[in-house]
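# Analysis of the macromolecular model
Listed below, chain by chain, are the residues.
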Amino acid sequence: MLHKGGLVDKRHSVSTGTERGTMVLPTAEGVREVADLVGGMRYGLTVAVWDRLMPGAGSFMASQGGTLLADFLRSERWAMAAAFAQVETAFAEDEISLATANVNRWLAAQRGEDLEATRAEVEAWDASRLPSRFSLAKKILLGQDEAAITHLSDLRSAGEITDFEVDEWPIFDRLRRQDLV
Amino acid sequence: MTGGFDDLVIDESAADGLTAADVMADPFGVMSKLVDFGPIVEKLVALASEVPAATTYEAAYAFSYLRFRGSAPWAPIVLRALFVTAISSIEPVVSRFVQILLQARDPSSFPSLADEALEQEVRKLCFGPPAKWRKVLVEELGIVKAATAVDWKALEALW
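All of the points below concern the structure found in this document. Remember, predicted model here, so these are calculated numbers, not experimental data.

Our next topic: the interface of chain A and chain B. Every contact between the two is made by 34 residues of chain A and, on the other side, 32 residues of chain B. Within the residue set of the side of chain A that touches chain B, elements represented by two or more residues are α1 (10–16), α2 (28–53) and α5 (78–90) of chain A.

So, in structure tokens, the structure goes:
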């Protein structure tokens, strides 16, 4: 593309769906996306190679990235959040870790509001065998807000979710923006 | 070949008050004010289509290039800078990892990380797009997790 004046060629068009011949106009947001994509790849590669040289280190590093991941989601750095969630998913060692990683991955893919981006995958997800907070997460990811609020109230009453978690977990960010929690 | 530009009018009033500093600061913007590029582009597209040696792809490319050339002449420069920055941020990391892994796998052939043959091997393996890096890391060096821990498809789209 660079050698063609920034115009989308056939290969790029096929992989991204952008119309061939369109000029890619770099925006500030686009530049940040690229930087985050590259940063995310560096992180993913580092964890993967480190895990090879020091078996087990990958899972530890991936779990430690959780706090950063939440920050990236909250600051709307979707590409970086997606990269961290992908590492979490790759190194998840049990069902709970994998479910948590997937929820984070879907939040990144939704970019705050686009619930349709993940609807098919979330609908196919069987959260019934997991702790109840994952069924709640599924409702939120699908936009079943009324049911989610009721479910959240039940979990709070049962002490399964604390006020701190409602304030801190990125899964509640969309509801919080709408003053629903 | 047909065509001509005699009928194109330069809007001289747009030059009123122009200074050398204005031209230096934004030459494309100044040109855009002076000349309506629309008709020029149309004529150039027509001329390009008459070039007998042009393939369909070349003609399509020329058309697209001319169509967008006037609208955002800075875009290719920014893209190039972004691309170079992206490459220089990730390529050395990949090369270094491959170097470490190769040396760890075969210390008899590559006695140290400073080994010249090792460096040449790394260059040979890593020179190319992300798909090649993925192949080296995942298939040749067995870093299986690298296949799923990285969004190769998104990265490849940058290239």
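Moving on to the nonpolar core. Ranked by internal contacts, the top residues of the largest apolar core, which has 61 residues, are A:Met41, A:Leu45, A:Ala81, A:Ala83, A:Phe84, A:Val87 and B:Val98. Top contributing element to this core by residue count: α5(A), with 10 residues. Discounting chain neighbours no more than four positions away, the residues touching A:Ala81 are A:Leu69, A:Phe72, A:Leu73 and A:Ala108. Core analysis: the second largest hydrophobic core is formed by five residues, A:Val8, A:Met23, A:Val24 and B:Leu79 among them.

Residue and element names in this part refer to chain A. Two elements in contact, helix α8 (residues 132–142) and helix α9 (residues 145–157), have axes whose closest approach is 9 Å; the angle formed by their N-to-C orientations is 160°. Relative to α9, the element α8 lies roughly antiparallel. Note that α8 runs across α9; the crossing there is left-handed. Between α8 and α9, the contacting residues are Ser132, Arg133, Ser135, Leu136, Lys139 and Ile140 on the first element and Ala147, Ala148, His151, Leu152 and Leu155 on the second. Residues that form the contact of α8 with α9 fall into these classes: six nonpolar, three polar and two charged.

Each value, and the rule that gives it
Residues numbered from 1 in each chain as written. Chains lettered and ligands numbered in written order. Predicted model: local features only at pLDDT ≥ 70, side-chain atom pairs only at ≥ 80, totals over all residues. Contact = placed C-beta atoms within 7 Å. Helix = DSSP H or I, 4+ residues; strand = E, 2+ residues; numbered from the N terminus. Core = buried A, V, L, I, M, F, W, Y, C linked by C-beta atoms within 7 Å. Buried ≥ 20, exposed ≤ 12 C-beta atoms within 10 Å, placed from the backbone. Axes fitted to C-alpha atoms, helices over the stretch in contact; angles between N-to-C directions. Parallel < 35°, antiparallel > 145°, perpendicular 65-115°, else oblique. Left-handed = near helix turned anticlockwise from the far one by under 90°. Nonpolar A, V, L, I, M, F, W, Y, C, P; charged D, E, K, R; others polar.

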